[in-house]
Structures are given as C-alpha cells and as structure tokens.
Amino acid sequence: MEEEKKTCCGHKLKERSEKEYKDLIHRLSRIEGQIRGIKGMVEKDAYCIDILTQVAAANAALNSFNKVLLAEHIRTCVTRDIREGKEETVEELLATLQKLMK
C-alpha cells in the first residue's frame, strides 16, 4: 500500500505508483488542453453553443478525473486508516463527498 506522509506544514502527502501518477497527469494534461481550446474559441468569437459543448466535455473529463482519484483514495488511504482505527478519515471522506455533490 502507498504511504501517506505529512510535510512540515502539516499537509498530507500520498506516494503514488508510477502507473497511477502517469494516468492522473495524462488526464490533467488532456483537461488542460481542453481548457486552452475553450479559451481559443472565446478569443476567436466561436458560436456560444460550440463553446458550451466543449465546456461540458471538460466538465465530464474533470468528473472522470475525480472518480478515478476518489476510487484510489478509498482503496488505499481510507481502507488503511479504517484498519488502523482512524475514524476521522470516514468523516473527512463524507465531507469531501458533500463538496463533490454540490
């Protein structure tokens, strides 16, 4: 299992496998490209519906990123913390889910 570490500032860090890291970075790079494309469309006065369609695609990509990251978090950090008796992790997860579902 990957380990969670704390920095000197108290922020949590998580070591990711190379495969997980590459997948997340690849997804973010694609989303970044979509956002740059949307900006270019606005700069070129593209039709509103075309821009909105691209924004919807970027939102879907971000939601997909969240699902992948959340699933991995539950499989690793949450599972480990529950086994270690750290019940506060469940509350942290519930609060995060509330934010994601707004």
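The preceding data block contains the structure.
Read on for an overview of the structure. (Residues numbered from 1 in each chain as written. Predicted model: local features only at pLDDT ≥ 70, side-chain atom pairs only at ≥ 80, totals over all residues. Heavy atoms only, no water.)

Helix length check: helix α2 (residues 48-83) (36 residues) gives 50 Å between terminal C-alpha atoms against 52 Å at 1.5 Å per residue, within 8%. If you look at α2, its biggest bend is around 40 degrees, right at Ile 74. By the burial criterion, the buried members of α2 are Ile 51, Ala 58, Phe 65, Leu 70, Glu 72, Thr 76, Cys 77, Val 78, Arg 80 and Asp 81. Two residues or fewer past α2, Gly 85 is found with a positive phi of approximately 80 degrees. (Helix = DSSP H or I, 4+ residues; strand = E, 2+ residues; numbered from the N terminus. Expected span 1.5 Å × (residues − 1). Bend = angle between axes of the 7 residues up to and from the residue. Buried < 20%, exposed > 50% of the residue type's maximum accessible area, 1.4 Å probe, protein only.)

Quick look at the side chain of Asp 81 now. Within the secondary structure layout, Asp 81 lies in helix α2. Judged by relative accessible area, Asp 81 falls into the buried class, the value being 3%. Within the structure, the side chain of Asp 81 is placed 3.0 Å from the side chain of Arg 80, a separation counted as a polar contact. Setting aside anything within four residues of it in sequence, one finds Asp 81 in contact with Lys 86 and Thr 89. (Polar contact = N/O pair within 3.5 Å; in protein donor to acceptor, adjacent residues only side chain to side chain. Contact = heavy atoms within 4.5 Å.)

Right, let's get into the packing of α2 against helix α3 (residues 88-100). The interhelical angle for the contact between α2 and α3, taken along N-to-C directions, is 165 degrees, at an axis separation of 10 Å. When the axis of α2 is compared with that of α3, the two are roughly antiparallel. Remark: the crossing between α2 and α3 carries left-handed chirality. Contact residues: α2 offers Asn 66, Leu 70, His 73, Ile 74, Val 78, Asp 81 and Ile 82, while α3 offers Thr 89, Val 90, Glu 92, Leu 93, Leu 97 and Leu 100. Its residues assigned to classes, the contact of α2 with α3 shows eight nonpolar, three polar and two charged. (Axes fitted to C-alpha atoms, helices over the stretch in contact; angles between N-to-C directions. Parallel < 35°, antiparallel > 145°, perpendicular 65-115°, else oblique. Left-handed = near helix turned anticlockwise from the far one by under 90°. Nonpolar A, V, L, I, M, F, W, Y, C, P; charged D, E, K, R; others polar.)

As far as function goes, none of this settles anything; it's purely spatial.
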